[in-house]
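Listed below, chain by chain, are the residues.
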Amino acid sequence: MNESPASNETPMQRDRAVTIFERSKPGRRAATLPELDVPERPLGELIPDHLRRKAPPRLPEVSEPEIVRHYNRISRRNFDLDTGLYPLGSCTMKHNPRLNERVAALPGHARLHPAQDPKRAQGALELMWLLQESLAELCGLPYVSLQPSAGSHGELAGLLLTRAYHDDRGEQRTKVLTPDTAHGTNPASVTMAGYEVVKVATDERGGVDVEDLRAKVTDEIACLMLTNPNTLGLFDENIREIAGIVHGAGGTLYYDGANLNAIMGHSRPGDMGFDIVHVNLHKSFSQPHGGGGPGSGPIAVSERIERYLPVPRVVRRRGGNGAAPHFDLDHERPKSIGRLRGFQGNFGVFVRSYAYILSLGGDGLAEASETAVLNANYLLARLREGRAGRYLPVAFDRRCMHEFVLSGRPAKRELKVATVDVAKRLLDFGFHPPTIYFPLLVHEAMLVEPTETETKESLDEFADALEEIFAEAESDPQTLERAPFTTPVRRLDEAAAARRPVVRQALD
Amino acid sequence: MNESPASNETPMQRDRAVTIFERSKPGRRAATLPELDVPERPLGELIPDHLRRKAPPRLPEVSEPEIVRHYNRISRRNFDLDTGLYPLGSCTMKHNPRLNERVAALPGHARLHPAQDPKRAQGALELMWLLQESLAELCGLPYVSLQPSAGSHGELAGLLLTRAYHDDRGEQRTKVLTPDTAHGTNPASVTMAGYEVVKVATDERGGVDVEDLRAKVTDEIACLMLTNPNTLGLFDENIREIAGIVHGAGGTLYYDGANLNAIMGHSRPGDMGFDIVHVNLHKSFSQPHGGGGPGSGPIAVSERIERYLPVPRVVRRRGGNGAAPHFDLDHERPKSIGRLRGFQGNFGVFVRSYAYILSLGGDGLAEASETAVLNANYLLARLREGRAGRYLPVAFDRRCMHEFVLSGRPAKRELKVATVDVAKRLLDFGFHPPTIYFPLLVHEAMLVEPTETETKESLDEFADALEEIFAEAESDPQTLERAPFTTPVRRLDEAAAARRPVVRQALD
Amino acid sequence: MTRYTSATDADRSEMLAAVGAASIEELFAELPEEVRLGRDLELPQGMAESDVHDRLAALAERNVHAEDELCFIGAGMYDHYVPAIVDAITQRSEFLTPYTPYQPEVSQGHLQAMFEFQTAMSELTALPVSNASLYEGPSSVASAGYVAVGATGRRRFVASRGVHPHSREALATYSRGFGAEVVEAGLREGVTDPGELERAIDDETAAVFLQTPNFLGAIEDVTALAAMAREAGALVVVSADPMTLGVLRPPGECGADIAVGEGQPLGGRLDYGGPSFGFFCATEEHLRRMPGRIAGETIDVDGRRGFVLALQTREQHIRREKATHNICTSQALNALGGIVYLSWLGRRGLVELGELMARRTAYARDRLAALDGVEPLHAAPVVREFAVALDAPVDAVLKRCAAEGIAAGYPLGREYPEFENGVLVAITERRSKEDIDRLADALGRAVAEQPATSNQQPATVPS
Amino acid sequence: MTRYTSATDADRSEMLAAVGAASIEELFAELPEEVRLGRDLELPQGMAESDVHDRLAALAERNVHAEDELCFIGAGMYDHYVPAIVDAITQRSEFLTPYTPYQPEVSQGHLQAMFEFQTAMSELTALPVSNASLYEGPSSVASAGYVAVGATGRRRFVASRGVHPHSREALATYSRGFGAEVVEAGLREGVTDPGELERAIDDETAAVFLQTPNFLGAIEDVTALAAMAREAGALVVVSADPMTLGVLRPPGECGADIAVGEGQPLGGRLDYGGPSFGFFCATEEHLRRMPGRIAGETIDVDGRRGFVLALQTREQHIRREKATHNICTSQALNALGGIVYLSWLGRRGLVELGELMARRTAYARDRLAALDGVEPLHAAPVVREFAVALDAPVDAVLKRCAAEGIAAGYPLGREYPEFENGVLVAITERRSKEDIDRLADALGRAVAEQPATSNQQPATVPS
Ligand SMILES: Cc1ncc(COP(=O)(O)O)c(C=O)c1O
Ligand SMILES: Cc1ncc(COP(=O)(O)O)c(C=O)c1O
């Protein structure tokens, strides 16, 4: 460990990665277990030898203080939303209220067994029902299933619903349309659901190329998957026409709800003509992202799709003559596509999201979307100025919704600086970079989504940082190519990790 | 903000301090309050104008996300026990189990009103009674009051008890003896309790100079305050003789329990002859230090002192004919010194400490002390080697108990490096420095207390760091004088802060 | 202004000015009239934090949970104790609030934890590679099916009836999508009937699905059953309860190609069914076909050790329609809880916990079997859960026990009509001997109270 | 090995070898036989984490707390809502586990928070300087007495009977130590009797102690009373409820030299009485006499802004017997909760909360006064708490209300025999109109049920 002030390693960089397994020492332990209070029968009597494990798994042997220190220390090697701006486009990194963590942890929620008799889980079922009703109102589609575990799970569900719907009508449809701006999960879900992907082009305004769509819509098309505003942060004004075309040919219209944060209380997928919608509770509804989950991807559908929804359904039953209504799980749904997972879904996420909806209320949700759109447009306006505007111009010269896409093509051409270099340099300025190289159709893309919970000051700081970075790029581009400098580790060799993947620790 | 890799400022250093008041912007807010559900009477009707506030206090106006970010960011500017070794002598910085936080937060504890009818707070009173009993057993003194809020509060209580005891016997005693090794709170408490301090010398083995004591013990002496092991980490073998001398002259013997962590289950103050003991629950009993509290300083006393204990006392009353015993608060104590504070004391700390006692049990507590003593002696052995041994030798060449004192005198003389410089340099190595310049009688003192919850590895790293630091000091002492280099701020101008104290933010 | 936003009126006008818009409405101008909502949402007004808290606490109050009653329900999710450090660590902002580690330089905390998690799960299952989590158990079983089709090009699955009903249902649901058929192999004396399995497997079989302990709590002889599958060139997918892998022979040593399962027992709460995590381990050859995120070790430009998302070319954001799976957001935080829990339990703890459960389960099984009108549903060895048959209507008996504050178990009737009067009873380290005795007493009373259901004999497996 | 220690047998022998000791016992060799315990402690064996949790949960179950019943008890500690961010921030290891910031370079988080806290408390009290916390309310009052003696050289205190009984008792206890006398000035119509106060003050009076709102909930006219004290050269010490300082004229504007008080309402839980924090604010001239830690702003060697413990020469670790106070460990974490709470509440929130309480309190007072057998104990203005007199035995009435799930208030009898049938009722933002109506109904029924205590008239203050 070189401590001399000469070294320009930061303290964190000096602190090399050590795994919990490498801290292990035989004989150490953190757990103490309840005492054996029943006869100590030899295990061999209970479990035949050939079914028993011989050598114990080599889990770490560490004391509690060591575990706490280990994870506290590595936690600081993460950048997090509670530290600074995290404008990761398409991911809606909005503030995660701690109130939601508190209510999710109440024993009545956290220690409720999923197989508890519904009569004795009325609070949980009512909460789910209330959340279903709220999402139905927000989406403009009357029937909701909370079961899918995330957005992509919702997409799969939506496509399986489409298949069930067409099967029911005796139609064989084999293809699903996705725009070239679509998120990767859309085509991946299409394949997983047994369909073939057909790409639809984007027009010069960033919307669906209606002519291309017309050309590709046939009776083989089962569905068109869209998000609106789309991944360019642009609202497709032709949505009704698009819906008409697809419906005209007997296809369903699927709404990828990842961008719902732009339009809550202003416009509803159902009113646009969508048949099936998924909602990412970990985006618009403040569920913390947790480093990549847990999330939840409820789906809302129209009348004609309802009968195919996954089982069990959470239903409200009116109490016979004047009794209060009660809530139940309905398993008897002959036309249902069946289960997508175990039990009722990510209930803990439902609690957080419902707490969020109650906190903001209808007006608050509408205002959240307004502020998200205002923040995005303000930041875009700031970035149209000066060097950012020159080297990193907006891809589609329109007003945006809750996010916008810049193109680093001029920077690449004039400064030999790639978008990834700008992103890495942003790390040195204490910002998480926006999403980069997505959507695919924009060269050197940078997709920026500030969300409504950012202050004007933090947006200004971000804009100033980009300006400074391009000034630096003009004088010495090398610095950017070598960035970051101050992060716990610097650029990592991903190629090596792909060539000779080391995906677990070797233990002796 | 200079980001160029040339700058050797760390990211934290670049992130200059901004207060929550400086983040304030008119109109922002985090709190939403319940709606007014009663008639909106003009406030003037309820509170006469001359009793009302005119201008609201200028508290910050910030949104919830800003508050969360602000305090998360500044929190990282602290070094904490969950990050690394914190061998702050005399403070017993042992691991703080999270289990204790969990049980203290149970609504039955956290939301119990202190004025609740004792009949309806039986769980809390029983817990306090059980903690009293446990501390009595650990201290070897039968009667305990949990009321004092910290060690120094316990000291004040102990001296007031001594005064009450002597008053009751019609004795006027005006002086209290404290060894020159005593912690600052001891003499400060003496003055606050209305006594005069008389210092007792330390002998060459680091114990009380018995001859000096004999010379100073008169019938004016009300009390001798000691800690054993003392602040040198040395056990005073003459304790019984010392007790005899003081008792012989009618004085009381007070035990400062800050060092109890050395002897739990091995030796008890009561058995040494002490009349009054305070215990720091935030040291030996794992209450987190919280950046300087909360703590708790229960006192245990002998039979003859019992009647003077503060009110209310937590008592167990046997249930009449065969009924279960119940617990109560006893306010009727005519000879009591009275209250030291409101209500029953720092109950939340009692819960944590009792959870800790249950977790370890009697054997575990004894083992904790053994390991604390082993860790200290091991680290001392490591530091006797090499350069540390040469420049920073142990002050009293004996085996130590749970902590030990080194003297930086040779370092000062031979290398012109002060103990404070070594301490500051330790910060660059990722350690919290030991206590320095205490106890006063050791020149350039460094008081080291690793505690039992440290691993051998962390002790070795600390020893290696000191070795490296002294090697560096030999080659260039300047580096040490300029240390630290990697902390969020570097050496601060304390003199200026004393000359022109700025103790609050100026607001306009 | 909501309490989570910061735009004051002053901010708004400054920002609108910069944008060159007269009003917020103008920003929504591109929305065609016909798709505007044009009214307020029909949702309640926003509430104060304290009111939201009280409202949700009131709902929670109406659930009977594992602190209110003695919970012997398992069926895939178990009431284990969650050590306080799991919450303390997973609730840290640094772990709670970031997203997927797309920028590894500032995501080393999560990436390293994933790497540690993968190592631990690989140890537990005795399979060389693991991913960093999937959604949960049953959908992981279904995902294994998708991988098997990709690996074998075959489209037929054979699933033991001992596999969790939810897993079999999820597998069927997914299969209707990618076009595979699922056939079932029945049980005999509580475990997969080897004969039936053998007959069900053919050379079109992509994978055979087993679960151990199976849904009835019985430990399957995976080694023997797996051999039949390998014979036919089918993959062996084993769904395992990770909490039993300290004492049970791990899938990797029994011939499994893929091991999946529900991670909830590892530091997860019941949470009425989620969020938890699913795990997915496999042999080396399936590495590039695995679903989900995988962390890999590498070095940075200065040679420092570091971790990255490895093999992203499997994933949807790179490979799109050719991806091996569509998963994006997974269950990273729950998997983090899993590795913290496993570190807490440690090498010996997992074994000790398994042995404690096995002995208490044996005690409970004997205790209940000794009751009139209660018989074991099977005699196969068990470790943490077992099934009994009641000589009384299950619903009435469970209702009666619930009235005494005991959730006595999981009724098998709906999913196993052949065990209409069967009940599944689960044991964890939180259910003491005393609790088990209370269960036995209550159950005994409840069964005795019922009119012996003469027409239906206690179901025991035909032999 | 306990679960919090790490020394394996191998570690022990290596370490003992390094120390040159044959055994651990040898390390304790210096303890003389006669002071060795020589037996095991008579304490239970150590328990598993889950068992400890369950044991403490069982104890907690036996307390009736503010979630089990409607709590109208105040008397110095109040059931306010604690926003979730207070817990999230104070539970961060970085704030929870360090000790006093002796090394400012690695303690800027706490030092800055202290500086912010001091600024906020100084704003609340309208006094220029504040410390970073004391233990809690009543001992802060006593500490103010110690400061007053130091400042004036006088040894006589005059305390209004409206000051919290615990504060007056603590003051008396401390005073017996440093040798001061405490005389009391009585109440009239619920507030300090100006005449009595004037008569009680003399030129030996070091300080006059007032509280507003006083223990009976009445708002004192501090300005008028303070004038009398200043007249006689005595300091004015005002104990204030910080939660009321958004609406009540602050001590600094009423002629107070020192303002102290209980910080619990500011983001603290009830915790059966602690831990909370005490605050201590004063005029500039008392800065160097203040007890407790004080953070000050300064710069580092490179000119960066930073914070340090200022004026340590006041403190015991430097000044020892000449220190201005003996306090060392204080209540830093609770004070941190205080500044987080005040930031949450913000400039307008504190005022709005005060107004909400004032209006609900007025409603409750009227509602109760309208009941037969219930009369206001005084007519003085109140803001969050008020006192009533019952025409019935207080204990019986409270017991009856408790049976209906309502803690109706604090009985005045023990500490104010002159109000033997008085009850103190507190209102917070958590007690809605509906709750107040429930209280009124229950109280009305309870009083009616009691045989009118003919011999004792409802106490109203003699006028
Ligand atoms: C536009 C879009 N669609 C779909 C998804 C997939 O959602 P999830 O990650 O919840 O599976 C995402 C998530 O990043 C997204 O941004
Ligand atoms: C030896 C000694 N005595 C007394 C005290 C005072 O205890 P407290 O800080 O709890 O008031 C301390 C605390 O540092 C101490 O180390």
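The structure displayed is predicted, hence computed values, not measured ones.

**Quick notes on the overall build of chain A**
Part 1 of the argument: Counting secondary structure elements, chain A contains 19 helices and 12 strands.
Part 2 of the argument: In terms of overall size, chain A behaves like a compact globule, its C-alpha atoms giving a radius of gyration of 26 Å where 508 residues would be expected to give roughly 23 Å.
Part 3 of the argument: With respect to the principal axes defined by its C-alpha atoms, chain A has extents near 80 × 75 × 45 Å.
Part 4 of the argument: The buried share among the 508 residues of chain A stands at 73%.
Part 5 of the argument: Counting only contacts in chain A whose residues sit at least 6 apart along the sequence, the fraction spanning at least 24 positions is 72%.
Part 6 of the argument: Accessible surface, chain A: about 14700 Å² in total, of which carbon and sulfur atoms supply 49%.

**Quick notes on the packing of helix 3 (residues 64–75) of chain B against helix 6 (residues 108–125) of chain D**
Part 1 of the argument: Where helix 3 of chain B meets helix 6 of chain D, the axes come as close as 8 Å, and the angle between the chain directions of the two elements is 135 degrees. For the element pair helix 3 of chain B / helix 6 of chain D, the angle class is oblique. From helix 3 of chain B, B:H70, B:Y71 and B:I74 reach across to helix 6 of chain D, where they touch D:G109, D:Q112, D:A113 and D:E116.
Part 2 of the argument: Looking at side-chain class alone, the contact of helix 3 of chain B with helix 6 of chain D contains three nonpolar, three polar and one charged residues.

**Let's talk about the interface of chain C and chain A**
Part 1 of the argument: Counting residues at the interface gives 193 residues for chain C and 207 residues for chain A.
Part 2 of the argument: Across the chain C to chain A interface the summed buried area is about 17600 Å²; carbon plus sulfur atoms make up 60%.
Part 3 of the argument: Where chain C meets chain A, there are 22 salt bridges.
Part 4 of the argument: One salt bridge connects C:R304 with A:E9, and the closest N-O pair in it is separated by 3.2 Å.
Part 5 of the argument: For the pair chain C and chain A, the number of links is 110 residue pairs in polar contact (both at pLDDT 80 or more).
Part 6 of the argument: When residues of the side of chain C that touches chain A are assigned to their parent elements, the largest contribution, 26 residues, is made by helix 12 (residues 332–369) of chain C.
Part 7 of the argument: Grouping the constituent residues of the side of chain C that touches chain A by class yields 95 nonpolar, 48 polar and 50 charged.

**Some remarks on the sheet that holds strand 2 (residues 129–130) of chain D**
The strands that make up a sheet are held in pairs by hydrogen bonds between backbone atoms, and each pair lies either parallel or antiparallel.
Residues and elements named next belong to chain D.
Part 1 of the argument: Read across the open sheet, the seven strands follow the order 2-10-9-8-7-3-4; overall the sheet is mixed. Only two strands of the sheet have a single neighbouring strand rather than two, namely strand 2 and strand 4 (181–185).
Part 2 of the argument: Here strand 7 (residues 205–212) pairs with strand 8 (residues 235–240) via six bridges, running parallel. Within the sheet, the bridge partner assigned to T212 lies in strand 8 and is A240.
Part 3 of the argument: Sitting on the sheet, helix 7 (residues 137–152) touches strand 3 (156–160), strand 7, strand 8, strand 9 (258–262) and strand 10 (278–282), and the angle it makes with strand 9 is about 160 degrees.

**A few points about the site of ligand 1**
Part 1 of the argument: Surveying the vicinity of ligand 1 reveals 15 residues, the closest of which are A:S90, A:D256, A:H282, A:K283 and C:T329.
Part 2 of the argument: With respect to ligand 1, its neighbouring residues span chains A and C.
Part 3 of the argument: Side-chain polar atom of C:Y99 to an oxygen atom of ligand 1: 3.4 Å apart, as the coordinates give it.
Part 4 of the argument: The contact in question runs from an oxygen atom of ligand 1 to an N or O atom on the side chain of C:T329, over 2.5 Å.

**A look at the interface of chain B and chain A**
Part 1 of the argument: Tallying the contact residues gives 39 residues for chain B and 39 residues for chain A.
Part 2 of the argument: Summing both sides of the interface, chain B and chain A together bury roughly 3200 Å²; the carbon and sulfur share of this comes to 49%.
Part 3 of the argument: The tally of links between chain B and chain A comes to eight salt bridges.
Part 4 of the argument: Salt-bridge contacts for A:E457 lead to B:R28; the nearest nitrogen and oxygen are separated by 2.8 Å.
Part 5 of the argument: On inspection of chain B and its partner chain A, the count reaches 16 residue pairs in polar contact (both at pLDDT 80 or more).
Part 6 of the argument: Among the elements of the structure, helix 1 (11–14), helix 3, helix 16 (419–428) and helix 17 (456–475) of chain B are those that each provide at least two residues to the side of chain B that touches chain A.
Part 7 of the argument: Ranked by the residues each element gives to the side of chain B that touches chain A, the list is headed by helix 3 of chain B, at seven residues.

**Brief notes about the site of ligand 2**
Part 1 of the argument: Looking at ligand 2, there are 15 residues lining it, with B:S90, B:D256, B:H282, B:K283 and D:T329 nearest.
Part 2 of the argument: Proximal residues around ligand 2 fall on chains B and D, making this an inter-chain site.
Part 3 of the argument: Contacts to ligand 2 include B:H282, whose side-chain N or O atom sits 2.7 Å from an oxygen atom.
Part 4 of the argument: With respect to ligand 2, the side chain of D:T329 contributes an N or O atom lying 2.5 Å from an oxygen atom.

**Concerning a negative patch on the surface**
Part 1 of the argument: Taken together, C:E61, C:D68, D:E61 and D:D68 make up a surface patch of like negative charges.
Part 2 of the argument: The class of D:E61 is exposed, set by a relative accessible area of 67%.

**A look at the pattern of salt bridges**
Opposite charge on two side chains makes pairing possible when the charged atoms of those side chains draw close.
Residues and elements named next belong to chain B.
Part 1 of the argument: Summed over all chains, the structure comprises 189 salt bridges over all chains.
Part 2 of the argument: Here D49 makes a salt bridge to R52, at a shortest N to O gap of 3.6 Å.
Part 3 of the argument: On the basis of relative accessibility, which here comes to 19%, the residue R52 falls in the buried class.

Cut-offs used in this document
- Residues numbered from 1 in each chain as written.
- Chains lettered and ligands numbered in written order.
- Predicted model: local features only at pLDDT ≥ 70, side-chain atom pairs only at ≥ 80, totals over all residues.
- Heavy atoms only, no water.
- Helix = DSSP H or I, 4+ residues; strand = E, 2+ residues; numbered from the N terminus.
- Rg over C-alpha atoms; globule rule 2.2 N^0.38 Å.
- Buried < 20%, exposed > 50% of the residue type's maximum accessible area, 1.4 Å probe, protein only.
- Contact = heavy atoms within 4.5 Å.
- Areas by Shrake-Rupley, 256 points an atom, 1.4 Å probe, with all protein chains shown as cover.
- Axes fitted to C-alpha atoms, helices over the stretch in contact; angles between N-to-C directions.
- Parallel < 35°, antiparallel > 145°, perpendicular 65-115°, else oblique.
- Nonpolar A, V, L, I, M, F, W, Y, C, P; charged D, E, K, R; others polar.
- Buried area = accessible area lost by both parts, 1.4 Å probe.
- Salt bridge = Lys/Arg side-chain N within 4 Å of Asp/Glu carboxyl O.
- Polar contact = N/O pair within 3.5 Å; in protein donor to acceptor, adjacent residues only side chain to side chain.
- Pairing = 2+ DSSP bridges.
- Near = heavy atom within 4 Å.
- Patch = residues over 30% accessible without salt bridge, like charges linked within 9 Å, V, L, I, M, F, W, Y side chains within 5 Å.
- Lys, Arg positive; Asp, Glu negative; His and termini not counted.
- Charge placed at Lys NZ, Arg CZ, Asp CG, Glu CD.

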